[in-house]
Structures are given as C-alpha cells and as structure tokens.
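Okay, here's what each chain looks like letter by letter:
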Amino acid sequence: MTASSSAAPIRAAIVGYGNLGRSVQKVIETQPDLELYGIFSRRDSLDTDAPVYNVADIAEHKGKIDVLYLCLGSATDIPEQAPALAEMFTTVDTYDNHRDIPRHREVMDAAAKANNNVAVVSTGWDPGMFSLNRVYAQAVLPTYQQHTFWGPGLSQGHSDALRRIPGVKSAVQYTLPNEKALDLARAGEAGDLTGKQAHVRQCWVVADEADHSAIENAIRTMPDYFVGYEVEVHFIDQATFDQDHAGMPHGGHVITYGDIAGSEHTVEYSLKLGSNPDFTAAVQVAFGRAAHRLTQDGKFGAYTVLEVAPYLLSPQPLDELIAKNV
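Residues numbered from 1 in each chain as written. Predicted model: local features only at pLDDT ≥ 70, side-chain atom pairs only at ≥ 80, totals over all residues. Heavy atoms only, no water.

Peer 1: Give a description of the sheet that holds strand E10 (residues 199–207) that names residues and reports values.
Peer 2: The four strands lie next to each other as E8-E9-E10-E11, forming an open sheet whose pairing is mixed. At either end of the open sheet lies a strand with only one pairing partner, and these are strand E8 (153–154) and strand E11 (230–235). As paired elements, E8 and strand E9 (residues 168–177) share two bridges and run antiparallel to each other. What sits directly across from Gly153, in E9, is Thr175. The strands that helix H8 (residues 212–220) touches are E9, E10 and E11; relative to E11, the one it contacts most, it runs at about 155°. (Pairing = 2+ DSSP bridges. Helix = DSSP H or I, 4+ residues; strand = E, 2+ residues; numbered from the N terminus. Contact = heavy atoms within 4.5 Å. Axes fitted to C-alpha atoms, helices over the stretch in contact; angles between N-to-C directions.)

Written out as structure tokens, the structure reads:
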C-alpha cells in the first residue's frame, strides 16, 4: 500500500531529452504514483513512445502538469529558462554550479512564489545526496575535517575538452580519487588537501600515432582542466574504445573525520554509480514527489535538498517508514 494508492497519480512532464531526460523517463515509468504526461523539446521528433510537445507551446499546458522535471544543461539552459518555467509549473532541476546555487535558489524562489508553485533546485548526487551527508556529518561532529572525492567516474566536460583537441577522434576522461589522499582523509590527516592533490585525471584517447605527442602535450598543458593535476594519458584503438568506454559510470566519497571529547570518529558516505544520468534521474524524480506534496500543502517557493523532509521523497506512508526504518 503506497501513500498515493488511493489518490490520482502525479502527472509528471520532462523538459529536455538528452541523457538525463531519457533517464528520468525510465525512472518515472517504474514509479507507483507517477504517470508521464509528456516530453517537451525543441526537436520535432524524439525516439520515444511518450507524447512529445514543442517546448515553445509549454504555456498551453499550464494546470495540466503536477511536476515538471527540468532536464537541461547547467551552463546556460537552466539559468535562462528555469525561472520562466517555475512561474508556470512546480519544477525540479539538477543545477550543479555549486558557487551559484544560492543565487539560483533566490531567483527560483521569487519565480515560484509569484504563482503558487514549488521549485526544488540542485538535486542529484552532488549537489544532492553528498550535500545532505556533508551537513549531517558536520552537525554531529563538533570539530571535523571534511573532504569530498569524486570518481571513479566519467567527466563529461573534460571529455568534451579532449575531443576538441586537433587530431583526436574519440576520447573520454575519468576522474579518480587519489588512494593515498583517501587514506589520509580517513585517518584525519588530510588537512588542507586540495582537489588537485586529491584526484587523478585519466584520459583514454583514439588518434593517429603521428599525433600522439602533440595531443598529450595539449592535454597536460590545458589550463583549468589538467594543469596542476596528476594526469594519465592512454592511447587506444577505436574498437577498444567502443568496447570499454561507452558507459557513464561515476561516484565518490564524502569523508568526515572528527573527535568528541577525545574519542575519534570517521563518517564516510560513498556512491558507486553504474550510470551517472540514471542515478541523477532517480534522485530528481524522488524530489519531484516531494515538490508535489509541498505544493499541495501550500508551501510555495524554492527549496534545496537540505530543506526537504526525507519522508516526502518516498511513495510509502510516513507511519510505514517509521515502523521499518526508525
């Protein structure tokens, strides 16, 4: 018996149909209390059996959608499009520009409140699940050292930077946590360890052998992406690339070390994700359920994951969650 088994299903829609949008569709189709209203896109046709609508006409669907999942890019799409969408619908996004999240939350709060909607911002795993763990661990350990490690996982932005180098035919870049840095963090000895010291950039590249030297030099000297990091560059053939590097795994660790009156403690939260977009979508969909419930309760405005009670994410009734998990 789910929390919404006797109620109408939550009408969910998607804006954007890249990797994340496709994953959100898959997750919605597994939920007991959600139904897919449709997908909004700038493209005329999509490879899906779901209803497809032109995003330019989205205002015509106001009042017909309970929660709108914004599966858009953080670089420009979400800052440019999300506020207008939050004025019309209750929304959930995965905005991941950490430094800009306070500004994004403020803008979305004003947009959502203007028309009695809810906007849950910056869901996913980081920001998202990692954000929750950082705050929980900081709250219970009065003195602490805390470090976040990303990977092993494919970095889409860095992979794109590799593919833009002249001569590169195919390429991916994985971020790997430095094992020595992990051990130091677990022992409370990492101190002011920087992100560059804590991670390795591993590159797998397909290119003609005559170009290898120039490509490797371009990688190692690329500012903002690889300079200052420990970098591995591996050249492989296209068949190996297609066989071994088609997936999108990711994950990481949040490690918090602290003491309480002389006793030492380590809190570690880790994720090992077979598919970055699938897991991100699963988190986004769960927060969509919470967004709908907040809207029903008249609690309008923008929320981060830190402000949403855990029970609102689950299709199970609160009493059942308490009985099984507390």
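From this point on, the discussion continues.
Peer 1: A description of the side chain of Ser122 should follow, citing residues and the corresponding values.
Peer 2: Mapped onto the secondary structure, Ser122 falls in the loop between strand E6 (118–120) and helix H4 (129–140). Of note is the side chain of Ser122, whose polar atom sits 2.8 Å from the backbone oxygen of Tyr95. Those residues within four positions of Ser122 in sequence are excluded, and the remaining contacts are Asp93, Thr94, Tyr95, Ile101, Pro127, Gly128 and Val305. (Polar contact = N/O pair within 3.5 Å; in protein donor to acceptor, adjacent residues only side chain to side chain.)

Peer 1: Talk me through the sheet that holds E6; I want residue IDs and the actual numbers.
Peer 2: Taken in spatial order, the seven strands of this open sheet run E3-E2-E1-E4-E5-E6-E14, and their pairing is parallel. The strands lining the two open edges of the sheet, one partner per strand, are strand E3 (52–54) and strand E14 (301–303). Here the strands of the sheet are splayed against their neighbours by 25° on average, with no regard to which way each runs. Both strand E2 (residues 34–41) and E3 contribute to a ladder of three bridges, which runs parallel. Within E3, the residue paired with Phe40 across the bridge is Tyr53. Contacting strand E5 (91–93), E6 and E14, helix H3 (residues 101–114) runs over the sheet at an angle of about 145° to E14. Packing of helix H10 (residues 276–296) onto the sheet brings it into contact with strand E1 (10–15), E2, strand E4 (67–70), E5, E6 and E14, and relative to E4 it is tilted by some 145°.

Peer 1: Just give me the short version of the confidence of the model for the chain, but keep the residues and values in it.
Peer 2: Mean pLDDT over the chain: 95, with 98% of residues reaching 70 or higher. With pLDDT under 50 throughout, residues 1–5 is counted as low confidence; its partners more than four residues away or in other chains account for eleven contacts. (pLDDT = per-residue confidence, 0-100.)

Peer 1: How would you summarise the packing of helix H2 (residues 77–88) against H3 if you had to cite specific residues and measurements?
Peer 2: Across the interface, H2 lies against H3 with an axial gap of 7 Å and an inter-helix angle of 25°. The orientation of H2 with respect to H3, classified from their angle, is roughly parallel. Helix-helix and strand crossings are classified by hand; for H2 and H3 the assignment is right-handed. Within the contact between the two elements, H2 uses Ile78, Pro79, Ala82, Pro83, Ala86 and Glu87 and H3 uses Arg103, His104, Val107, Met108, Ala111 and Ala112. Looking at the contact of H2 with H3, its residues break down into nine nonpolar, one polar and two charged. (Parallel < 35°, antiparallel > 145°, perpendicular 65-115°, else oblique. Left-handed = near helix turned anticlockwise from the far one by under 90°. Nonpolar A, V, L, I, M, F, W, Y, C, P; charged D, E, K, R; others polar.)

Peer 1: Outline the packing of aromatic side chains, listing residues and values.
Peer 2: Taken as a whole and assessed by the stated rule, the structure comprises five aromatic pairs. On the basis of an interplanar angle of 90° and a centroid distance of 5.4 Å, the ring pair of Trp125 and Phe130 is categorised as edge-to-face. Overall, the relative accessible area of 8% leaves Trp125 in the buried class. Under the relative-accessibility criterion, Phe130 is labelled buried at 0%. Each member of the aromatic cluster is reached from another via a ring pair, and the members are Tyr37, Phe40 and Tyr53. The lysine or arginine in question, Arg22, covers the ring of Tyr17, its NZ or CZ lying 5.9 Å from the ring centre. In this arrangement the basic side chain of Arg201 is found over the ring face of Tyr229, its NZ or CZ atom lying 4.3 Å from the centre. (Phe/Tyr/Trp six-rings, centres within 6.5 Å; stacked < 30°, edge-to-face > 60°. Buried < 20%, exposed > 50% of the residue type's maximum accessible area, 1.4 Å probe, protein only. Lys NZ or Arg CZ within 6 Å of the ring centre and 35° of its normal.)

Peer 1: If you had to explain the packing of helix H1 (residues 19–28) against H10 to someone new, which residues and values would you point to?
Peer 2: Two elements in contact, H1 and H10, have axes separated by 8 Å at closest approach and are oriented at 55°. By the angle between their directions, the pair H1 and H10 is classed as oblique. As H1 runs across H10, the sense of the crossing is right-handed. Along the contact surface, H1 presents Asn19, Leu20, Ser23, Val24, Lys26, Val27 and Ile28, while H10 presents Pro277, Asp278, Thr280, Ala281, Ala282, Gln284 and Val285.

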